[in-house]
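Structure assessment
Spelled out, the chains give:
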Amino acid sequence: MDHKSPKRFEWSDGFTVAMQEAFEADGFLVIDRFASPDSCDRLLAQSKTLIDGFDAKAHRVAFSATGQTHAASDYFTNSATDISFFLEEEAVDDAGNLLKQKQRAVNKIGHALHELDPVFADFSYSSDIKALVKGAGARKTVNGAINGYLQAALHRRRGKYASRLYVFIHQA
């Protein structure tokens, strides 16, 4: 199977016609340097602060991309209006006890992160995000923010990994 590399863009002049064409053809965009290093540093620092304050003993929900067992939990079901934390499957034992440090155990932080946390709200409702979302054809701005982690120690079997900003736009 032949895989073509996606076209890459810079975010210097906002959303362009070429970006629109690539988004329509591929369903996604790769935009280098969309967020400034300072902005990324603020988001990462706030993520670390949030994880440090997270009570892992009270909420032991492991995120599973294959089994979807997390979807049956009340914690997941009620997470839409909260800042919620989901752990790596390999980071907890069968009893839900952490096997890794909290900072290495978290898979995702969501779902109302963009509404309830001022650092993430500033980024999520920035003029660049609004321009990106509008350029991609969405009528609303951000519906949800999730800070996903790829933990190197837990993802060795998946090969290469890289931290990226994902802005998911879903047309209803």
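What counts and what doesn't
- Think of each chain on its own: its residues are numbered from 1, step by step along the sequence as written.
- The model is predicted, so local features are restricted to residues of pLDDT at least 70 and side-chain atom pairs to those at 80 or more, both for listing and for counting; the totals for chains, interfaces and linings are taken over all residues.
- Only hydrogens and water are removed before side-chain values are computed, so all heavy atoms of the structure are retained for them.
- Only DSSP runs of H or I with at least four residues qualify as helices, and only runs of E with at least two residues qualify as strands; both kinds are numbered from the N terminus onward.
- Throughout, the Shrake-Rupley method with a 1.4 Å probe supplies accessible areas, and for residues the shown protein chains are the sole cover considered.
- Here the expected length of a helix is defined as 1.5 Å per residue gap, with one fewer gap than residues.
- Burial classification: accessible surface area is computed with a 1.4 Å probe over protein chains only, and a residue below 20% of its type maximum counts as buried, one above 50% as exposed, and the rest as partly exposed.
- The arc refers to the directions leading from the helix axis to the C-beta atoms.
- We count a salt bridge whenever a side-chain nitrogen from Lys or Arg sits within 4 Å of a carboxyl oxygen from Asp or Glu.
- Definition used in this section: a nonpolar core is a set of buried Ala, Val, Leu, Ile, Met, Phe, Trp, Tyr and Cys residues joined via side-chain atoms within 4.5 Å.
- Should any heavy atoms of two residues lie within 4.5 Å, those residues are counted as being in contact.

Counting its regular elements, the protein contains seven helices and six strands. Reading the protein from its N terminus to its C terminus gives the helix and strand order β-α-β-α-β-α-β-α-β-α-α-α-β. Carbon and sulfur atoms make up 52% of the accessible area of the protein, which amounts to about 11,300 Å² in all.

Our focus in this paragraph is helix H2 (residues 37–53). Between its first and last C-alpha, H2 extends 24 Å over 17 residues, near the 24 Å set by a 1.5 Å rise per residue. Within the span of H2, buried status applies to Ser39, Leu43, Gln46, Ser47, Leu50 and Ile51. Taken end-on, H2 shows its buried residues confined to a sector of 140°, consistent with a single buried face. Looking at H2, the residues exposed on the side facing more than 90 degrees away from the buried face are Pro37, Asp38, Arg42 and Asp52.

Right, let's talk about unusual backbone geometry for a bit. Glycine aside, a negative phi is what most residues show, and trans is what most peptide bonds show. Despite not being glycine, arginine 33 shows a phi value in the positive range, around 55°. Mapped onto the fold, arginine 33 is located in the loop between strand S2 (30–32) and H2.

This part is about the pattern of salt bridges. Considering all chains together, one arrives at three salt bridges under this definition. In this structure, the salt-bridge partner of arginine 33 is glutamate 10, at a minimum N-O distance of 2.7 Å. Here the residue arginine 33 occupies a position in the loop between S2 and H2, and glutamate 10 occupies one in strand S1 (residues 8–10), the gap between them amounting to 23 residues. On the basis of relative accessible area, arginine 33 is assigned to the exposed category, the value being 62%.

Moving on, we come to the nonpolar core. One recurring pattern in soluble globular proteins is that nonpolar side chains are buried together. One finds Ile31 and Phe34 to be the most contacted residues of the largest nonpolar core, which totals 26 residues. Not counting the four nearest positions on each side in its chain, isoleucine 31 is found in contact with Phe9, Glu10, Trp11, Met19 and Leu132.

Mapped onto the fold, glutamine 46 is located in helix H2. Residue class for glutamine 46 comes out buried when judged on its relative accessible area of 19%. Other than its neighbours up to four places away in sequence, glutamine 46 contacts Asp117, Val119 and Phe120.

This next bit is on the environment of leucine 29. Summarising the element assignment, leucine 29 is placed in the loop between helix H1 (17–26) and S2. For the pair leucine 29 and methionine 19, spaced 10 residues apart in the sequence, the C-alpha separation amounts to 7.1 Å. Not counting residues up to four positions away in its chain, the partners in contact with leucine 29 are Phe9, Phe15, Met19, Ala22, Phe23 and Leu132.

Attention shifts here to the environment of alanine 80. Of note, alanine 80 is situated in the loop between helix H3 (74–77) and strand S4 (83–88). A C-alpha to C-alpha distance of 6.0 Å links alanine 80 and alanine 112, two positions 32 residues apart in sequence.

Moving on: the environment of glycine 110. Note on placement: glycine 110 falls in strand S5 (residues 106–111). Given a relative accessible area of 1%, glycine 110 falls into the buried group. Sequence separation between glycine 110 and serine 84 is 26 residues; the distance between their C-alpha atoms is 5.2 Å.

Considered for burial, the residues of helix H7 (residues 127–135) that qualify are Ile129, Leu132, Val133 and Gly135. One side of H7 carries all its buried residues, which in axial view fall inside an arc of 165°. Those residues of H7 that are exposed and angled more than 90 degrees off the buried face are Ser127 and Lys134. Of the surrounding secondary structure, the elements contacted by the buried residues of H7 are H1, S2 and helix H6 (118–124). Once H7 ends, the next one or two residues include glycine 137, with phi positive near 100°.

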